[in-house]
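Examination of the molecular architecture
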Amino acid sequence: MNMKKTLVLTLALAMLTSCGRVESISDDAKTSGSSTETTTEVTTSDEPTTSAETATESAETSASSTSQNDAQDENSDAVTWLGRGVYIAVKNGVPDRSWYVFYDTGSGKTANSDTGMGIGFTCEQTKDSITFHFGSIEDNSVMTMSKDEEGNVTGTMNGDSYVFYYQSDMDPDTFNAAEVDGRGDIITDDGSASDGVILNYIGEYSNGRAIMNVLPGPNGASVTVKWAGSALVSSTWTMDGTYTLSGDDLIITYSDCVKTTTSYNSDGTLESEETEYTDGTGTITVHYNGTAEWADNVENAAEGDEFTLLR
């Protein structure tokens, strides 16, 4: 090639550059430096690309990516209902001294304070359920998950309902159900109750004739007392109240007690159901040693009786 042709080619290339040439190296050229040839692809634009256009395109790309990520998050099935930790499990409204221990979101064990026994599991958590594999990967026990009005995690499995209460002071790696009484470790302070205190006192208590069920409630504690006056007549008291601590004693104060009396015919069919009052007041003192007393201001229903923790 003579000198004149070389000069013309150089000028042509310079003109292309001034018109906004974009130069890219082909995939072959991006490979090992041992390649002896590279191919240069040259594309041209009639109008030069300005910095403002570049910024706009970048913003649009970023917004599109963010929108796609948000859509993926909204449609994602991955939800953690129960994370690493120890949970008291209340089954069908009754604390049966059972625990669910999660080592992580996908594995753990059940445990029972009465028997000291349990079973290991793996699981998968989705936006509306947890599939447990109790003892074997072949087992597929599906628990439908939700939250109640107080924000507690709840589940339904095989017709049974569960409420899970997280115990922040228990380590899933060292937890041993046989070493606790099923209600957790006592939490004491200067006489005022803190979050989680009620979990140390929940359970079923009995005076030999009636069953008192103590559970967490919307105001602090929820108590139900069922008392059979005879084979055909029974009464039920339900109440929600706040609570305070006095030493190791939990004192529940209520003012909304509803008493209902139910009568049955000799064949077991319902004869009548009467609401006797809806504004009963009183206190229930639950001792950490597993006993309780009920001071009913309306009729002294349990005067002199001591209720003892059953489970």
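Quantities reported herein were computed from a predicted structural model and do not represent experimental measurements.

What counts and what doesn't
- Residues numbered from 1 in each chain as written.
- Predicted model: local features only at pLDDT ≥ 70, side-chain atom pairs only at ≥ 80, totals over all residues.
- Heavy atoms only, no water.
- Phe/Tyr/Trp six-rings, centres within 6.5 Å; stacked < 30°, edge-to-face > 60°.
- Helix = DSSP H or I, 4+ residues; strand = E, 2+ residues; numbered from the N terminus.
- Buried < 20%, exposed > 50% of the residue type's maximum accessible area, 1.4 Å probe, protein only.
- Core = buried A, V, L, I, M, F, W, Y, C linked by side-chain atoms within 4.5 Å.
- Contact = heavy atoms within 4.5 Å.
- Pairing = 2+ DSSP bridges.
- Axes fitted to C-alpha atoms, helices over the stretch in contact; angles between N-to-C directions.
- Polar contact = N/O pair within 3.5 Å; in protein donor to acceptor, adjacent residues only side chain to side chain.

**Points about the packing of aromatic side chains**
Per the counting criterion, the structure on display carries 16 aromatic pairs. Ring centres of Phe 121 and Phe 132 lie 5.1 Å apart, and the angle between their planes is 85 degrees; this geometry places the pair in the edge-to-face category. Separated by 11 residues along the polypeptide, Phe 121 in strand β6 (residues 120-125) and Phe 132 in strand β7 (residues 129-134) bring together distant segments of the chain. Each member of the pair, Phe 121 as well as Phe 132, is classed as buried. Members of the aromatic cluster, connected to one another through ring pairs, are Tyr 87, Tyr 100, Phe 102, Phe 121, Phe 132, Phe 134, Tyr 162, Phe 164 and Tyr 166.

**Digging into the nonpolar core**
Side chains that are nonpolar tend, in soluble globular proteins, to be buried together. Judged by nonpolar contacts, the single largest core of 41 residues is most densely connected at Met 212, Leu 250, Ile 252, Ile 284 and Trp 294. Apart from residues no more than four positions distant in its own chain, Ile 252 is found in contact with Val 214, Ala 221, Val 223, Gly 241, Thr 242, Tyr 243, Gly 282, Thr 283, Ile 284 and Val 286. Formed by 17 residues, the second largest nonpolar core is a distinct cluster that contains Tyr 100, Phe 102, Cys 123 and Val 153.

**A closer look at the sheet that holds strand β15 (residues 249-264)**
Ordered in space as β11-β12-β13-β14-β15-β16-β17-β18, the 8 strands form a closed barrel in which the pairing is antiparallel. Each neighbouring strand pair of the sheet contributes to a mean axis angle of 30 degrees, computed without reference to strand direction. Across 12 bridges, strand β14 (residues 233-246) lies against β15 in antiparallel orientation. Across the sheet, Ser 234 pairs through a bridge with Thr 262, a residue of β15.

**Let's talk about the environment of Asp 296**
If you trace the backbone, Asp 296 turns up in strand β17 (residues 291-296). As for Asp 296 and Thr 281, which are separated by 15 residues in sequence, their C-alpha atoms are 6.6 Å apart. Here the side chain of Asp 296 touches Val 298 through a polar contact of 3.1 Å, landing on its backbone nitrogen.

**Description of the environment of Asp 279**
Its location among the elements puts Asp 279 in strand β16 (residues 270-287). Here the alpha-carbon distance between Asp 279 and Asp 256, two residues 23 residues apart in the chain, equals 4.5 Å. What Asp 279 contacts, discounting residues up to four positions off in sequence, is Ser 255, Asp 256 and Cys 257.

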